[in-house]
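# Summary of the model geometry
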Amino acid sequence: IRNFFGNGAFMMGNGHVDPRVWSLAAKTVYAHSISGGEQAYRQKLIRLGVLSENVDAAELRRFASDFAGRDDPLDFLLPGHKAGIKGIVNTAKASYMAADLPAKVAGFEIEKARYQEAYPSWSEAQVEAKAAEIIRNGYPTGAYLSEAARLPRKIPIIGTFTSFPAEVMRTTGNTLQLIAQELKDPATRTIGAKRLSGFLAMASAPYVFSALWRSLSGNNEKDEQALRRFTPPWSKDSTILWLDKAQDGGARYIDFSYMDPHKYLRDPIMSLLRGD
């Protein structure tokens, strides 16, 4: 669920909001992660690096290799239990990928259309290579982690989720760099403007939502400051959507940052602004 909603932020940040490609994205994801059928289009996206054949299995293999030197992370299980565990793992992977991949497929098709129009003389292979490069650089993949980002995965009390904040920083930097390049080139200036407007919308959306919900709930900034004193530590600097007017019994809220992949960049800024 977090992947599904979180990928919306990456789509918005790249200006990928064309609904016409979602049908193709849905069909591709079904073939890729559910039916298991061979499909030329799916194989092409894997070859270009837009999709990965098995993101989670690769992560598990690296994890097992770090600790046990095994290629199969399930080797330690008894033969009688291995098949059942694999079935559970495969179901989980299919669900994860079904939520994660539509955005990348849709984004790839949008970038193809953009660059075919910007560079009519380019071959289809050139356009697809450029679109794939943008998706690899603008969406989290885990394939480009530095050694510094990989190291914490080996520490059990930290776990593997340190990879994602590193990917958020990588993709944000790449997107900003791409916007600057596109705005300089007359052929891609329109693309750059769309991407810039999408990025600004993505960056401001949580604050707009927060202010809107605060107003609808009947609270003001002073109420919010008072209520934040009683939120749990992990929500202190989050984007909060208030559902109730502050009363003696408290107020209900939604921690919007839970679904926001850019919270790793946003929350420290909010903490700084609040003097923490």
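Whatever comes next refers back to the structure up there.
Values in this document were obtained by computation on a predicted structure and should not be read as measured data. (Residues numbered from 1 in each chain as written. Predicted model: local features only at pLDDT ≥ 70, side-chain atom pairs only at ≥ 80, totals over all residues. Heavy atoms only, no water.)

Looking now at the overall build of the protein. The secondary structure content of the protein amounts to 11 helices and two strands. In the protein, which comprises 276 residues, the share counted as buried stands at 41%. For the protein, contacts bridging at least 24 residues in sequence account for 62% of all contacts bridging at least 6. By element, 61% of the accessible surface of the protein is carried by carbon and sulfur atoms, the whole surface being about 15500 Å². (Helix = DSSP H or I, 4+ residues; strand = E, 2+ residues; numbered from the N terminus. Buried < 20%, exposed > 50% of the residue type's maximum accessible area, 1.4 Å probe, protein only. Contact = heavy atoms within 4.5 Å. Areas by Shrake-Rupley, 256 points an atom, 1.4 Å probe, with all protein chains shown as cover.)

What follows deals with the packing of helix α1 (residues 2-13) against helix α9 (residues 189-217). As a packed pair, α1 and α9 sit with axes 6 Å apart at the nearest point and diverge in direction by 140°. Classed by the angle they form, the pair α1 and α9 counts as oblique. Mapping the contact onto sequence places Ala-9, Met-12 and Gly-13 in α1 and Arg-195, Gly-198, Phe-199, Ala-201 and Met-202 in α9. (Axes fitted to C-alpha atoms, helices over the stretch in contact; angles between N-to-C directions. Parallel < 35°, antiparallel > 145°, perpendicular 65-115°, else oblique.)

What follows deals with the packing of aromatic side chains. On inspection of all chains with the given rule, the structure shows six aromatic pairs. Three or more aromatic residues joined by ring pairs form one cluster here, namely Tyr-115, Tyr-119 and Trp-122. (Phe/Tyr/Trp six-rings, centres within 6.5 Å; stacked < 30°, edge-to-face > 60°.)

Enumeration according to the criterion identifies 12 salt bridges in this entry. The closest approach of N and O atoms between Arg-228 and Glu-224, which form a salt bridge, is 3.1 Å. Of this pair, Arg-228 and Glu-224 both sit in helix α10 (residues 221-228), separated by four residues, roughly a single helical turn. Considered together, Arg-228 and Glu-224 belong to a single accessibility category, that of buried residues. A salt bridge links Arg-252 to Asp-244; the nearest nitrogen and oxygen atoms lie 2.7 Å apart. Ionic contacts of the salt-bridge type, sharing partners, join the residues Glu-111, Arg-114, Glu-182 and Arg-195 into one network. (Salt bridge = Lys/Arg side-chain N within 4 Å of Asp/Glu carboxyl O.)

Another point: α9. Counted at 1.5 Å a residue, the expected span for α9 with its 29 residues is 42 Å, and the 41 Å between its end C-alpha atoms agrees. At Ser-204, α9 shows its largest bend, some 40°, and a proline, Pro-206, comes one to four positions later. Inspection of α9 places Ile-191, Gly-192, Arg-195, Gly-198, Phe-199, Met-202, Ala-205, Pro-206, Ser-210, Arg-214 and Ser-217 among the buried residues, and these make up the whole buried set. (Expected span 1.5 Å × (residues − 1). Bend = angle between axes of the 7 residues up to and from the residue.)

Attention now moves to a nonpolar patch on the surface. Among the surface-exposed residues, Val-208, Phe-209, Leu-212, Trp-213, Leu-216, Leu-243 and Ile-254 lie close enough to one another that they form a single nonpolar patch of about 610 Å² accessible area. It is α9 that contributes the most residues to the nonpolar patch, five residues altogether. Structurally, Trp-213 can be placed in helix α9. (Patch = residues over 30% accessible without salt bridge, like charges linked within 9 Å, V, L, I, M, F, W, Y side chains within 5 Å.)

Over its 12 residues, α1 extends 17 Å from the first C-alpha to the last, a length consistent with the 16 Å expected when each residue adds 1.5 Å. Among the residues making up α1, those that are buried are Gly-6, Asn-7, Ala-9, Phe-10, Met-11 and Gly-13. Looking one or two places after α1, you find Gly-15, whose phi comes out positive at around 70°.

Counting 21 residues, the largest nonpolar core has Leu-45, Val-50, Leu-51, Val-105, Phe-108 and Tyr-139 as the members making the most contacts within it. Residue assignment for this core shows that the elements contributing at least two residues are α1, α3 (40-48), α5 (79-118) and α6 (124-138). Examining the composition of this core, we find that six residues originate from one element, α5, more than from any other. Judged by nonpolar contacts, the second largest core, of seven residues, contains Ala-118, Val-127, Ile-134 and Leu-178. (Core = buried A, V, L, I, M, F, W, Y, C linked by side-chain atoms within 4.5 Å.)

Attention now moves to the side chain of Arg-228. Under the relative-accessibility criterion, Arg-228 is labelled buried at 8%. Those residues in contact with Arg-228 that sit more than four places away from it in its chain are Ser-235, Lys-236, Asp-237, Ser-238, Thr-239, Ile-240, Trp-242 and Arg-274.

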